[in-house]
Every structure is written in C-alpha cells, then in structure tokens.
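Single-letter residue listing:
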Amino acid sequence: MPTAIITGASQGIGACIAKRLAKDGYDIAVNHYPSDGDRANAEAVAEECRAFGVRAELYAADVSKYADCEAMVKAVKADFGSVDALVNNAGITRDTLLARMKEEDYDAVIAVNQKSVYNMLRLVTAVMMKQRHGRIVNVSSVAGLYGNPGQVNYSASKAAIIGMTKSVAKEFGSRNITCNAVAPGLIRTPMTDVLSDELKAKMIEAVALRRYGEPEEIASVVSFLLSEDASYVTGQVIEISGGLSM
Ligand code: NAP
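Here the structure is a predicted model, which means the values were calculated and not measured.

**Things to note about the packing of helix H1 (residues 12-23) against helix H2 (residues 36-50)**
Move 1: Contact geometry for H1 and H2: axes closest at 8 Å, N-to-C directions at 20°. The pairing of H1 with H2 is recorded here as roughly parallel in orientation. Note that H1 runs across H2; the crossing there is right-handed. For the pair H1 and H2, the contacting residues are Ala15, Ala18, Lys19 and Ala22 in the first and Val45, Glu48 and Cys49 in the second.
Move 2: Its residues placed into classes, the contact of H1 with H2 shows five nonpolar, no polar and two charged.

**Details of the site of the ligand**
Move 1: In the vicinity of the ligand lie 29 residues, with Ile13, Asp38, Asn89, Tyr154 and Thr189 positioned nearest.
Move 2: Here isoleucine 13 contributes a backbone N or O atom positioned 2.8 Å from an oxygen atom of the ligand.
Move 3: Glycine 185 has a polar backbone atom sitting 3.1 Å from an oxygen atom of the ligand.
Move 4: Coverage of the ligand by the protein amounts to 90% of the 880 Å² it exposes when considered alone.
Move 5: Elements represented by at least two residues in the shell around the ligand include exactly H1, helix H6 (152-172) and helix H7 (190-193).
Move 6: It is H7 that provides the largest number of residues to the shell around the ligand, a total of three residues.

About the cut-offs
- Counting restarts for each chain, with residues numbered from 1 along the sequence as it is written.
- Local features are withheld for residues below a pLDDT of 70 in this predicted model, meaning they are given only at 70 or higher, and side-chain atom pairs are given and counted only at 80 or more; totals for whole chains, interfaces and linings count all residues.
- Side-chain measures were taken over the full set of non-hydrogen atoms in the model, leaving aside hydrogen atoms and water.
- Axes, fitted as lines to C-alpha atoms, cover a helix only where it is in contact. Angles between the N-to-C directions of the axes lie from 0 to 180 degrees.
- In this description a helix means any DSSP run of H or I spanning at least four residues, a strand means any run of E spanning at least two, and both kinds are numbered starting from the N terminus.
- To sort the angles, those under 35 degrees are grouped as roughly parallel, those over 145 as roughly antiparallel, those from 65 to 115 as roughly perpendicular, and the leftovers as oblique.
- Crossings are classed by handedness, with left-handed meaning an anticlockwise turn of the near helix from the far one by less than a right angle and right-handed meaning a clockwise turn.
- When checking whether two residues touch, look at their non-hydrogen atoms; a contact exists if any pair is within 4.5 Å.
- Throughout this entry, Asp, Glu, Lys and Arg are counted as charged residues, while Ala, Val, Leu, Ile, Met, Phe, Trp, Tyr, Cys and Pro are counted as nonpolar. The remaining residues, Gly among them, count as polar.
- If a single non-hydrogen atom of a residue is within 4 Å of a molecule or strand, that residue counts as near it.
- In the analysis that follows, any N or O atom pair within 3.5 Å is treated as a polar contact, provided that within protein one partner can donate a hydrogen and the other can accept it, and provided that, for residues neighboring in sequence, both atoms belong to side chains.
- Areas reported as accessible are Shrake-Rupley estimates using a 1.4 Å probe. Residue values count occlusion only from the protein chains shown.

Below, the structure written as structure tokens:
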C-alpha cells in the first residue's frame, strides 16, 4: 500500500486529511507535536484510520526542528518502506497587529509554518527521487495570497509556501514528483474557534457561499491532488475558500 505522511495530524484539518487518505487506501504516518495531549489525540486519529483496514503509526516530531523531521522520515521509511505522499499541514498563528508583533511571535510562526516545510521537503524529496515517484501537497492559506491585517507573520509564512511549492514542482517534475498547494479560507477547526464571533461574522460576509468550510472540504481536494487523477497537475495553488475572492 502507498504511504502518506501528514504533519500536524492530531486535530483539525490534518486529522481530517489523515482519515480521508486512510479511506483512499494509504497507510498513514500520523505526525503530532511531542506532547502527551497531542499523542492522545493522534492515537484516536490513528485508530480511526485503522478502521479503514490500513496501517497507521504515530510519529512525535516538532516539525520546526530539522533533527526531529530527519528522525521521523527515517522511521517512516523503515516502518513502511516508502513515502509516496507528503502533506505539509502543521501550522500555528500568533496574530496581532504589526506594531505589537514581538520578534518571537514572528520567528515562531516562520519556524513552524515555513521552516518545517523546508525540513520535510528536503528529507522527503530525497526518498521520492529514489522511488521516481511522489506526491506533495503543502497547506498554505488565503492569507498567503491576499494578506490579512494582524497576520504579517502568518501571511509571510503562507506566501513563502507558495513559492516553495512552485520551485519544488520545477526542480522535481522530471522525477515524476508533483508538488501543489491548497489555500484554505475560513475553515471550522480549533485554529478558528478562538476568533471572536464579530470577526467570524465579518469574514463570512465576504465568502460567496456565506458559510465556513469544513475540514472534509480541504481533505477532498488534497485527496484529489495526491491521486492519479491529478497526475498532470503540479506547481498549482488551489484556493478552497467558498469564493472568498474572485
Ligand atoms: P489546528 O487545529 O490548530 O491544527 C494544527 C495542527 O498542527 C495541530 O495538530 C498542531 O498541534 C500541529 N502543530 C503545531 N505546531 C507543530 C509543530 N511544531 N510540530 C508538529 N505539529 C505541530 O489548525 P487547522 O485549522 O487544522 O490548520 C491546519 C493547517 O491549515 C495549518 O497549516 C493552517 O495554517 C492551515 N489553514 C487553516 C485555516 C483555517 O481556517 N482553519 C485556513 C487556512 C489555512 P498542537 O495541537 O500541539 O498545536
């Protein structure tokens, strides 16, 4: 069976992608942040994946750290034999207006959202090159396409991911490795639960479909981009925002 690594898969969009790919027939490497709470959540996700008859194993790794990613990719390769798909999903926010944004809030968001993508791309493309096959999806955001007040750090990280996606698509296309990005809009997850009702209502007014997206609606597009149906799609950014901007 093909193997997929999903980073930050203990909750939200990542957990949903893991379950969808298990349903698609992938063995799943469930990455979670190294904490007891994340491990418990990730174990529940893995259990739901196994219900589809596939293997699912947990890998604790802080993806902002290269050494953690290196150990994880090595372990996944040893456990499953291949890495066929990678979904760079882990992400955080530290929202505040630029005038109040502390250097540590900028650095933390860049480390988790952007550096992690470098770490995983570097390590996993090495495996995929030898296989002469691979599928990668990076989770960006509409903030990376259009910007957002209070998210200079987050927008920077998510815009960078788009550039990285296109560069990797060009560098590795001849090796039968595709690399695409998705740019979700406002999706119902623990990340957006913390926004004020007033802000949520204002944001939804700008959405053509006038509602939140659900994590399943991201997972279905990721599933497509990783599938053979998308074999001639690479270097693209698919916005999944209910028509936030047209
Ligand atoms: P979420 O519920 O907060 O999930 C993010 C996951 O990433 C959590 O499991 C989190 O673990 C994990 N994570 C954070 N830092 C990590 C690290 N250093 N190493 C490993 N795992 C780490 O957020 P979400 O809404 O599902 O977001 C998933 C992705 O979609 C993110 O990249 C986000 O930027 C993007 N996105 C979300 C939305 C939205 O509206 N929700 C919109 C656009 C883009 P912890 O629980 O320990 O933090």
